[in-house]
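Observations on chain architecture
Residue-level listing of the chains:
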Amino acid sequence: MESKNNKKNLVIAVIALGALCGLAEVVVGNWLRNAGFPYRSGLLTGIGLAVLGFGIAIFKKPLMAIGIAFVAILVKQMTVPILGVSVMCKMNASIAVMLEYAALGGLGALFFNKIKGKGIKNKALVGGGAAFTGAVSFYFIGMQVAPCKYLLSFAGLTGFGSYLSIEALSWTLFSAVLFPVGWKMGEKASSSVIEIMESKPAVFYAVSAVTVIFSVAVSGMVISKGL
């Protein structure tokens with residue numbers, strides 16, 4: 001029974017954290033775009049990996065990052081039913097999320113014994129390495145799927161060099177800083193979260209449900225207004 005409860009709690013956490021990541025992608029992403037922030041993708045990547053760090057520090061399951069990515073993508077793809085656009089409209093952005101999060105899940109699982117230590121060096125290397133891997137993978141995959149004008153501006157060998165120095169570098173630096181921050185927050189919250197899950201599961205379910213509903217509702221509102 002305990003094993004089933006642990007799996008259920010993990011699934012619920014994945015959905016809640018994925019909804020938060022989707023909220024950041026939609027709301028913070030739109031705000032940064034409107035503000036003309038030049039490193040929007042890098043900051044969003046860092047924020048997403050910080051949320052993953054928070055969850056992994058608590059549940060000790062790096063591969064939960066893949067499930068979180070799926071949920072975040074579903075939130076981003078709410079543009080399809082709300083605005084009536086093609087699924088391809090947000091396809092490249094969705095691919096980027098999956099590549100970033102999957103890279104973190106893979107590297108996190110591979111080097112978990114190192115990143116769970118006290119120092120931040122290994123956490124920074126894993127966070128930054130995952131973001132860099134995601135950025136480079138996205139360049140080649142995104143160019144073939146649904147490239148926007150901005151991505152196409154980096155076409156060719158010279159363009160790829162510029163992409164590495166602008167986009168890949170910003171993704172890497174923000175994630176190298178924010179992933180350890182998220183992990184530290186998860187470590188501090190871990191004992192309290194686990195105690196609530198074990199002694200007051202109804203509270204954990206309620207908080208998770210409110211998180212999902214709030215994230216989806218606000219994201220839907222922002223999408224519907226085209227902000």
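Everything discussed here concerns the structure shown above.
Rules and cut-offs
- Along each chain, residues carry numbers from 1 onward, in the same order as the chain's sequence is written.
- The predicted nature of this model means local features are confined to residues of pLDDT at least 70 and side-chain atom pairs, given and counted, to a pLDDT of 80 or more, with totals for whole chains, interfaces and linings taken over all residues.
- As a rule here, side-chain values come from all non-hydrogen atoms in the structure, and water together with hydrogens is ignored.
- Within this scheme, the nonpolar core is defined by two criteria: the residues are buried Ala, Val, Leu, Ile, Met, Phe, Trp, Tyr or Cys, and they are joined through side-chain atoms within 4.5 Å.
- Relative accessibility decides the category of a residue: with a 1.4 Å probe and only protein chains considered, values under 20% of the type maximum give buried, values over 50% give exposed, and everything between is partly exposed.
- Runs of E in the DSSP output that reach at least two residues are strands. Runs of H or I that reach at least four are helices, and both are numbered from the N terminus.
- What makes two residues a contact is simply this: any of their non-hydrogen atoms within 4.5 Å.
- How far a helix is expected to stretch is found by multiplying one less than its residue total by 1.5 Å.
- To obtain the bend at a residue, axes are fitted to the seven residues ending there and to the seven starting there, and the angle between these axes is taken.
- Here the positive residues are Lys and Arg and the negative ones are Asp and Glu; neither His nor the chain ends is included.
- Salt bridges are identified by distance alone: a Lys or Arg side-chain nitrogen within 4 Å of an Asp or Glu carboxyl oxygen.

1. Considering the nonpolar core
Formed by 45 residues in total, the largest nonpolar core has its most connected members in Leu49, Leu52, Ile68, Tyr101, Leu104 and Tyr163. Put simply, the parts of the chain that give this core at least two residues each are α1 (2-35), α2 (40-59), α3 (64-76), α5 (91-110), α6 (112-115), α7 (121-145) and α9 (156-199). Residues within four places of Leu104 in sequence aside, it is in contact with Leu49, Leu52, Ile56, Val126, Gly127, Ala130 and Phe179. Counting residues in hydrophobic clusters, the runner-up holds five residues, among them Val26, Val75, Val222 and Ile223.

2. A closer look at α7
For α7, with 25 residues, the first-to-last C-alpha span of 35 Å sits near the 36 Å given by 1.5 Å per residue. In the structure, α7 departs most strongly from a straight axis at Tyr139, where the bend amounts to approximately 30°.

3. A word on the side chain of Glu167
Within the secondary structure, Glu167 sits in helix α9. No salt bridge is formed by the buried Glu167; its nearest oppositely charged neighbour, Arg40, is found at 7.8 Å. Dropping the residues within four chain positions of it, Glu167 is found in contact with Ser41, Tyr150 and Phe154.

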